[in-house]
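# Analysis of the macromolecular model
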Amino acid sequence: MSRLSVCRGNVTTDHSILGRPPDDRVQVLDADGRVRDGATVPDIPDEQLVEMYRQMWLARHFDERAISLQRQGRMGTYPSLAGQEAAQVASTHALNDADWLLFQYREHGAVVARGLEPEYLLYWMGHERGNEWLAEKNVFPINISIGSHIPHATGLAWASKLKGDGRVFVCHFGDGSTSEGDFHEGLNFAGVFDVPAIFFCNNNQYAISIHRDEQTASDTIAQKATAYGFDGVQVDGMDPLAVYQVTKAAVEKARDPDPDEARPTLVEAVMYRFGAHTTADDPSVYREDEEVEEWRERDPLPRFETFLRERDLLDDDRIDAIEADAKETVAACIDAAEAYEPDPDSIFEHAYETPTPRVRDQREHLRRLRERHGDDALTEE
Ligand SMILES: Cc1ncc(C[n+]2csc(CCOP(=O)(O)OP(=O)(O)O)c2C)c(N)n1
């Protein structure tokens, strides 16, 4: 079929996992972690299943320590991921290492799945080295300006398609970001040019204090994909097996060697943010404790643990070892990050490829001051 004859808006009508109605939420595990009747467990090797659990646990422990560091004045404002581990870790497991991730600011679990190192803490401690390090893991810089990375994802995926390098781009954002113009522009263009991108909406029910029901009149966020001419699928974002299954199908579709089949997908992962929006937020003013408790019953960690225990892949000893290892890893990351001493000159390095005259002057001024007074100049001036 020639490019021009493709009927845009021709969303898959088969009953594949991506072609189902956007309100038919994909779930593999029930709330207790048992495989639901009729559900297909994705084909994931045993060691990888345990690794996913380990990373989810590591992500949660990282989160607890990061909040505590902020409270002690040892780190800046921090957005908590608790409740969202399954979506972040399992979706990243559906990718190759050469694929790229774009994320908002809360998806620390996707980074953990690429390997947690002290550098990740540096961004949150105010050092640009943290962002620089992310690129070494094929992760784009942290994006505080919500939704603005969505058109970037489309552009990157389009460039990759033109180069034919076979990469897939997974772009994470929240339910609030879907109200930004950037969401519309990015997805519209992605549908027109069939770029190898997966738009992964972490619908955690809130954009700070605004509930998802006040965000959009659409029944689902997944259904918005229909307007852009590609599939939108809703998945239980607190069920790692369902998230993996859906993301894997979307990745395969994006990478399909047949250009008429290769298409983007919008994934709406339904989940809940257990904690505050950030360490600067007090959620008690806009939501009830009962609501939080209800969602805690679907906590991805105990759910996945039950599944793995029933398959004899986990027992108390293995869990103790995973927890001890996570604590050691995070503690070592904190020690190394706190010992980091950047060269003050590096503040001039990251904003411009070619520095402006004013930046050049300031850099020269700092150089002269340090020459004359050493690093005491930094605190005295
Ligand atoms: C362009 C832009 N507008 C407004 C804000 C202020 N802001 C910070 S976080 C946030 C809510 C984001 O909600 P959502 O996209 O659902 O992500 P979540 O924080 O729930 O993960 C808003 C509006 C911003 N960061 N960027």
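Here the residue index of a chain counts from 1 through its sequence in written order. Where totals are concerned, whole chains, interfaces and linings use all residues; where local detail is concerned, this predicted model gives features only for residues with pLDDT of at least 70, and gives and counts side-chain atom pairs only at 80 or more.

In DSSP terms, a helix is any run of H or I states spanning at least four residues, a strand is any run of E spanning at least two, and both are numbered starting from the N terminus. Per the secondary structure count, the chain includes 15 helices and seven strands. A globule of 381 residues ought to have a C-alpha radius of gyration of about 21 Å, and the chain, at 22 Å, matches this closely. Here the C-alpha coordinates of the chain stretch approximately 75 × 55 × 40 Å along the principal axes. A total of 381 residues make up the chain; the buried ones form 42% of that total. Contacts here follow a simple rule: the backbone-placed C-beta atoms of the two residues must lie within 7 Å. In the chain, once contacts between residues fewer than 6 apart in sequence are set aside, the share between residues at least 24 apart is 76%. The globule rule is 2.2 Å times the number of residues to the power 0.38, and the radius of gyration it is compared with is taken over C-alpha atoms. The burial label depends on the number of other C-beta atoms within 10 Å of a residue's C-beta. Counts of 20 or more mean buried, 12 or fewer mean exposed, and intermediate counts mean partly exposed, with C-beta atoms placed from the backbone.

On to the pairing of strand β7 (residues 265-270). In summary, the side chains of a regular strand alternate between the two faces of the sheet. The buried count for β7 comes to six of six residues, which makes it a mostly enclosed element. Side chains Thr265, Val267 and Ala269 of β7 all project onto a buried face; the interleaved residues Leu266, Glu268 and Val270 project onto the opposite face, where all are buried too. Running through helix α10 (residues 240-254), the crossover from strand β6 (residues 231-236) to the neighbouring parallel element β7 is right-handed. With its strands directed away from the observer, a crossover is right-handed exactly when the path from the first strand over the helix to the second travels clockwise.

Looking now at the confidence of the model for the chain. Residue-level pLDDT values for the chain average 94, and 96% of them are 70 or greater. Ignoring residues within four places in sequence, the model shows residues 1-14, a span with pLDDT below 50, making 17 contacts including any to other chains. Values of pLDDT, which run from 0 to 100, indicate the predictor's confidence residue by residue.

By this rule the span expected of a helix is its residue count minus one, scaled by 1.5 Å. Along its 23 residues, helix α13 (residues 316-338) runs 33 Å from first to last C-alpha, staying within 8% of the 33 Å computed at 1.5 Å per residue. Where α13 is concerned, the buried positions are Ile322, Ala326, Val330, Ile334 and Ala337. Residues of α13 that are buried sit in contact with α1 (46-71) and α4 (118-124).

Residues are counted as near a molecule or strand when the C-beta atom, derived from backbone positions, lies within 6 Å of that molecule or strand. Residues in close proximity to the ligand total 16 residues, the closest being Ile146, Gly174, Gly176, Ser177 and Ala207. Those elements that provide at least two residues to the shell around the ligand are β2 (169-174) and β4 (206-207). Under this grouping Gly is polar, as are all residues other than the nonpolar Ala, Val, Leu, Ile, Met, Phe, Trp, Tyr, Cys and Pro and the charged Asp, Glu, Lys and Arg. Residues belonging to the shell around the ligand are distributed by class as follows: six nonpolar, eight polar and two charged.

Ranked by internal contacts, the top residues of the largest apolar core, which has 91 residues, are Phe169, Cys171, Ala197, Ile198, Val246 and Val267. Here this core takes 10 residues from α1, the largest share from any one element. Apart from residues no more than four positions distant in its own chain, Val246 is found in contact with Ile17, Val26, Val233, Val235 and Val267. Note on definitions: a nonpolar core is a set of buried residues drawn from Ala, Val, Leu, Ile, Met, Phe, Trp, Tyr and Cys, linked by C-beta atoms within 7 Å.

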